[in-house]
Amino acid sequence: MRKDFLGLIAVVAAFVVGGTILMQSKILPEERAQDFRTLENISLQSQIQVIQEPTASDNTYIYAINKVARESWEIAKQDARVQAILDGSNGKALTIAAVQPSAFVSPDGKVTHSGLGQVIITANWQAVDGKQYASAKSFSSLDGRQGQSRQQIWNVAVDIDRDKVISIQGEQERVMTETLRANVVYGGMNIYMPDAAVAKAGSSVRWVNESNVPHNVVGTYKTEAGEEKIDSGFFRANEDWEHTFSEKGTFDYHCTIHSEEGMKGRLVIS
Ligand SMILES: [Cu+2]
């Protein structure tokens, strides 16, 4: 009996010693796996390139997520079909986002990417009582009127190596119709309506999510006193978010997850 017990201790001791040696020499698969860190070894290059900002006469915003993605746009804009889309979008708010390829950087600084580029072109335009809604109007003048927001998206696939556009796919037009209310901005798929409005200093403005995806309101409130960053956090379907603007100024904002579709707005506080 006593002899059996000693034998058991010997077996357990052998396991403990053996296991310790394995762990210290790092030949256990788990140990080796610990040394492999995907996110540290290869990182995503993020160098947003703003190519064009909107002006009073041309409401077009063009950006690329990195230098190679910028090449996608340089190739796409030479294409006659892309030119036709741009020409046909006169007077609308255009957002052009070169979102592919992603660029990966290895620890020694080498950048790799695929040869497939993607450019998203989005045209947004709004109407109030059937008339094109061009400049920001006061909430009191919009109250009770019929607002309509339209969005058209094209996906442009680019072969960077062969320097040409492979395909252009136009999505179905999105339309959002709402009766406008004082100090209310509707969030749709993926649009704010009205996208520009004037509110009185001291008033509270409410953003209402009328879509089935989450949105947020992130931007800078500029007043004479300075600048304030505002971030609503995400609010879901049928939820809303309210903010009080006490001083005169402007609040330019966007939804962080839908900014590539031009989901942005401007509030003027007067
Ligand atoms: Cu959004």
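Residues numbered from 1 in each chain as written. Predicted model: local features only at pLDDT ≥ 70, side-chain atom pairs only at ≥ 80, totals over all residues.

**Student:** Can you help me understand the sheet that holds strand β1 (residues 43-45) in this one?
**Tutor:** Backbone-to-backbone hydrogen bonds pair the strands of a sheet. The strands run either parallel or antiparallel. As summarised here, the arrangement of the three strands in space is β1-β5-β6, forming an open sheet in which the pairing is antiparallel. One side of each edge strand has no neighbouring strand; the edge strands of this open sheet are β1 and β6 (111-112). Sheet analysis places strand β5 (residues 103-105) next to β6, joined by two bridges and oriented antiparallel. Bridged to Phe-104 within β6 is Thr-112. (Pairing = 2+ DSSP bridges. Helix = DSSP H or I, 4+ residues; strand = E, 2+ residues; numbered from the N terminus.)

**Student:** Sorry, what's going on with helix α4 (residues 67-76) here?
**Tutor:** Structurally, the α-helix is built with 3.6 residues per turn, so residues lying three or four positions apart point the same way. Within α4, the full set of buried residues consists of Val-68, Ala-69, Ser-72, Trp-73, Ile-75 and Ala-76. Take α4 and look down its axis: the buried residues cluster within an arc of 165 degrees, on one side only. (Buried ≥ 20, exposed ≤ 12 C-beta atoms within 10 Å, placed from the backbone. Arc of directions from axis to C-beta.)

**Student:** For this particular structure, what's the right way to read the pairing of strand β13 (residues 184-187)?
**Tutor:** Each regular strand displays side chains that alternate between the two surfaces of the sheet. Alternating residues of β13 divide into Val-184 and Tyr-186 and Val-185 and Gly-187, and every residue in both groups is buried. Relative to strand β14 (residues 192-193), β13 is paired through two bridges, and the arrangement is antiparallel. From the neighbouring strand, Gly-187 faces β14, where its bridge partner is Tyr-192. Taking the residues between adjacent antiparallel strands as the criterion, β13 and β14 are bridged by four residues.

Any functional reading would require information that these geometric values do not contain.
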